[in-house]
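# Working through the structure, step by step
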Amino acid sequence: MASSTRVDLDGNPIKPMTICMIGAGGFIGSHLCEKLMAETPHKVMCVDVYNDKVKHLLEPASLPWADRIQFHRLNIKHDSRLEGLIKMADLTINLAAICTPADYNTRPLDTIYSNFIDALPVVKYCSENGKRLIHFSTCEVYGKTIGYFLPKDSPLRQNPEYYMLKEDESPCIFGPIEKQRWSYACAKQLIERLIYAEGAENGLEFTIVRPFNWIGPRMDFIPGIDGPSEGVPRVLACFSNNLLRHEPLKLVDGGQSQRTFVYIKDAIEAVLLMIENPTRANGQIFNVGNPNNEVTVRQLAEMMTQVYSKVTGEPPLETPTMDVSSKEFYGEGYDDSDKRIPDMTIINRQLGWNPKTSLWDLLESTLTYQHRTYAEAIRQAMSKPAASK
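Per chain, the residues get numbers from 1 upward, laid out in the order the sequence is written. Selection of residues for local features in this predicted model requires a pLDDT of at least 70, selection of side-chain atom pairs for listing and counting requires 80 or more, and totals for whole chains, interfaces and linings are taken over all residues. For side-chain calculations, the full set of non-hydrogen atoms in the structure is used, while hydrogens and water are omitted.

### Brief notes about the overall build of the chain
- Per the secondary structure count, the chain includes 14 helices and 15 strands.
- For the chain, whose C-alpha radius of gyration is 21 Å, the value lies close to the compact-globule estimate of 21 Å for 389 residues.
- With respect to the principal axes defined by its C-alpha atoms, the chain has extents near 55 × 55 × 40 Å.
- The buried share of the chain, taken over its 389 residues, is 54%. Every helix listed is a DSSP run of H or I at least four residues long, and every strand listed is a run of E at least two residues long, numbered separately from the N terminus. Each radius of gyration reported is based on C-alpha atoms, and the globular scaling rule is 2.2 Å times the count of residues to the power 0.38. Relative accessibility decides the category of a residue: with a 1.4 Å probe and only protein chains considered, values under 20% of the type maximum give buried, values over 50% give exposed, and everything between is partly exposed.

In structure tokens:
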């Protein structure tokens, strides 16, 4: 149980609070709820349309935290109950978003509405009612790095300073309008600017979180099992799906893009520090990632193949990967950034947070979960005869 003598980073007692968590039923929300129930005295009002990933926290009623967590099934688009829940809370955390790259091209209007228009009432209610807001944005607001525009043969391309992304310095550089892949990043940046303006003009207490590829159990979905058969989740779930089905991992444009990955449990530690240290977190934008876990997408695929073989005892495929074009995989309008490295100066200074888990270890934890959760369901699905047309 949570200790009653917990203190913040400045030695002050942490008072129990009520949190309205919008999007609590998703990947990040489920892990954050687990942390809050297991280690703190705080109450959580979970707001979402689905509760599958938090059901283990809601039932049975004999759970030790049963009186500290509630689930409110509502869609924030058109529900008058939302303002009432925000008024009842000390803090609102907004995790709600469409955040799957495959949707940015095929559903750009939904993407813009979800990430900007639908978030407006949350910001408005927090500001008007004097409530603190932790808003989840994305590392995609940085867009393309300065290094991306250097000549291919420039020695400056070897300088990490041209790829390091700093919350208070780096420009946000997007592709042309016809590249609808940037619909997500643009909407996220605009809501960030609106939140910042509410803070400057109306005194809104806010913290903005920019996640850099948070990875772990319950991330995304496996197509045809707990998500649409034609769905395309993010890279780790895509590769997991290929591994579970004994298919080559598909590398978009050769898998040359570079990314950093951070373990969900490390990242949630950072969020808890933000929740419980408002004087250090208010008015801040935080990168939350692990610059030590940087690989190309091709290297990620190779490592996941090795880890999955270790987890299952099954030999890897003779041809573990295959190249596909971004147009073939995502459709027209796809564009990408080459490399994203989070600068950790601000979060380290304000909250003393550093990630701990290596890429191998986080992949081993995640793929063990994926295999345990999905392998049998996929085996059964694959053994069924194909439907005749």
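### What to know about the packing of aromatic side chains
- The aromatic pairing rule takes the rings of Phe, Tyr and Trp, using the six-membered ring of Trp, and pairs them if the centres are within 6.5 Å, calling planes under 30 degrees apart stacked, those over 60 edge-to-face and the rest tilted. Summed over all chains, the structure comprises 6 aromatic pairs.
- Relative to Tyr 184, the ring of Tyr 104 lies with its centre 4.5 Å away and its plane at 10°, an arrangement referred to as stacked. On the criterion of sequence distance, the pair formed by Tyr 104 in helix H4 (residues 101-106) and Tyr 184 in helix H7 (residues 183-202) is long-range, its members being 80 residues apart. Take Tyr 104 and Tyr 184: they sit in the same class, and that class is buried.
- An angle of 85° between the planes, with centres 5.8 Å apart, marks the rings of Phe 136 and Trp 214 as edge-to-face. A residue pair is termed long-range when its members are at least 10 positions apart, and Phe 136 in strand E5 (residues 132-136) and Trp 214 in strand E8 (residues 214-215) qualify at 78 residues. Grouping residues by exposure puts Phe 136 and Trp 214 together as buried.
- The rule for a charge over a ring is simple: NZ of Lys or CZ of Arg within 6 Å of the ring centre, and within 35 degrees of the ring normal. Positioned above the aromatic ring of Trp 182, the side-chain terminus of Arg 181 is 5.2 Å from the ring centre.

### Some remarks on the sheet that holds strand E4 (residues 91-94)
- Spatial strand order, E3-E2-E1-E4-E5-E7-E12: 7 strands in an open sheet with parallel pairing. Whereas interior strands pair on both sides, the edge strands pair on one side only; in this sheet they are strand E3 (69-73) and strand E12 (284-288). Taken over all neighbouring pairs, the strand axes of this sheet differ in orientation by 15° on average, direction set aside.
- Alignment of strand E7 (residues 206-211) against E12, held across 5 bridges, turns out to be parallel. The residue bridging Arg 210 from the neighbouring strand is Asn 287, located in E12.
- Between two residues, a contact is recorded if the distance between any of their heavy atoms is within 4.5 Å. Here an angle of 0 to 180 degrees is reported between the N-to-C directions of two axes, which are lines fitted to C-alpha atoms, with helices fitted over the stretch in contact. Strands in contact with helix H1 (residues 27-39) are strand E1 (18-22), strand E2 (43-48), E3, E4 and E5; relative to E1, the strand with the most contacts, it is inclined by about 165°. When DSSP finds at least two bridges between two strands, those strands are taken to pair.

### A short note on the nonpolar core
- Side-chain atoms within 4.5 Å are what join buried Ala, Val, Leu, Ile, Met, Phe, Trp, Tyr and Cys residues into a set we call a nonpolar core. Formed by 66 residues in total, the largest nonpolar core has its most connected members in Ile 93, Trp 214, Met 274, Ile 275 and Val 288.
- With 8 residues, the top contributor of residues to this core is helix H9 (residues 264-276).
- In this structure Trp 214 touches Phe 27, Ile 28, Phe 136, Val 209, Met 219, Val 262, Ile 264, Ala 267, Val 271 and Val 288, once residues within four positions along its chain are discounted.
- Counting 24 residues, the second largest nonpolar core, distinct from the first, contains Leu 74, Ala 89, Phe 116 and Cys 126.

### Remarks on empty space enclosed by the protein
- Note on definitions: the grid is 1 Å and covers protein atoms alone; a cavity is a set of points where a 1.4 Å probe fits but cannot get out; a pocket is an open set with protein on both sides within 12 Å along at least five of seven lines; lining residues have an atom within 4 Å of a point. Grid points are joined across faces, edges and corners, and a volume is the space filled by probe spheres set on the points. Under the definition given, this model contains 1 cavity of 30 Å³ or more.
- Estimates place the volume of the largest cavity at around 130 Å³.
- Every residue lining the largest cavity is counted, 14 residues in all, and those nearest its centre are Leu 243, Tyr 308, Pro 315, Pro 316 and Leu 317.
- Mapped onto the lining of the largest cavity, the elements with two or more residues apiece are helix H8 (235-244) and helix H11 (297-312).
- At 4 residues, the largest contribution of residues to the lining of the largest cavity is made by H11.
- Classifying every residue of the lining of the largest cavity gives 7 nonpolar, 5 polar and 2 charged. Polar here means any residue outside two lists: the nonpolar Ala, Val, Leu, Ile, Met, Phe, Trp, Tyr, Cys and Pro, and the charged Asp, Glu, Lys and Arg; Gly therefore counts as polar.

### Let's talk about the pairing of E5
- The element E5 is largely enclosed, with a buried count of 5 among its 5 residues.
- Pairing between E4 and E5: 4 bridges, direction parallel. Opposite Asn 94, over in E5, you have His 135 as the bridge partner.
- Here E5 runs beside E7; their pairing, made up of 4 bridges, is parallel. Directly across from His 135, in E7, lies its bridge partner Ile 208.

### Points about the state of the cysteines
- Only a pair of cysteine sulfur atoms within 2.5 Å qualifies as a disulfide here. The tally for this structure, following the rule as stated, stands at 0 disulfides.
- Sulfur of Cys 20: no disulfide; nearest cysteine sulfur belongs to Cys 126 and is 7.8 Å away.
- Take Cys 186: it sits in no disulfide, and the sulfur closest to it among the cysteines is that of Cys 172, at 10.0 Å.

### Observations regarding the pattern of salt bridges
- Any Lys or Arg side-chain nitrogen found within 4 Å of a carboxyl oxygen on Asp or Glu counts as a salt bridge. This structure, assessed with the given rule, holds 17 salt bridges.
- For the salt bridge of Arg 107 with Asp 103, the shortest nitrogen-to-oxygen distance reads 3.5 Å.

### Considering the side chain of Thr 260
- Residue placement: Thr 260 occurs in strand E10 (residues 258-260).
- Beyond its immediate stretch of four places on either side in the chain, Thr 260 contacts Phe 212, Asn 213, Asn 290, Pro 291, Asn 293, Glu 294, Arg 340, Ile 341 and Pro 342.

### With respect to the packing of helix H3 (residues 81-88) against helix H6 (residues 120-128)
- For the pair H3 and H6, the least separation of the axes is 10 Å and the interaxial angle reads 45°. One finds that H3 runs oblique with respect to H6. Where H3 crosses over H6, the handedness of that crossing is right-handed. Listed contacts from H6 to Leu 82, Glu 83 and Ile 86 of H3 are Val 122, Tyr 125, Cys 126 and Glu 128.
- Considered class by class, the residues forming the contact of H3 with H6 number 5 nonpolar, no polar and 2 charged. Comment on the angle field: the value is read as roughly parallel under 35 degrees, roughly antiparallel over 145, roughly perpendicular from 65 to 115, and oblique elsewhere. Each crossing gets its hand from how the near helix is turned against the far one by less than a right angle, where anticlockwise is left-handed and clockwise is right-handed.

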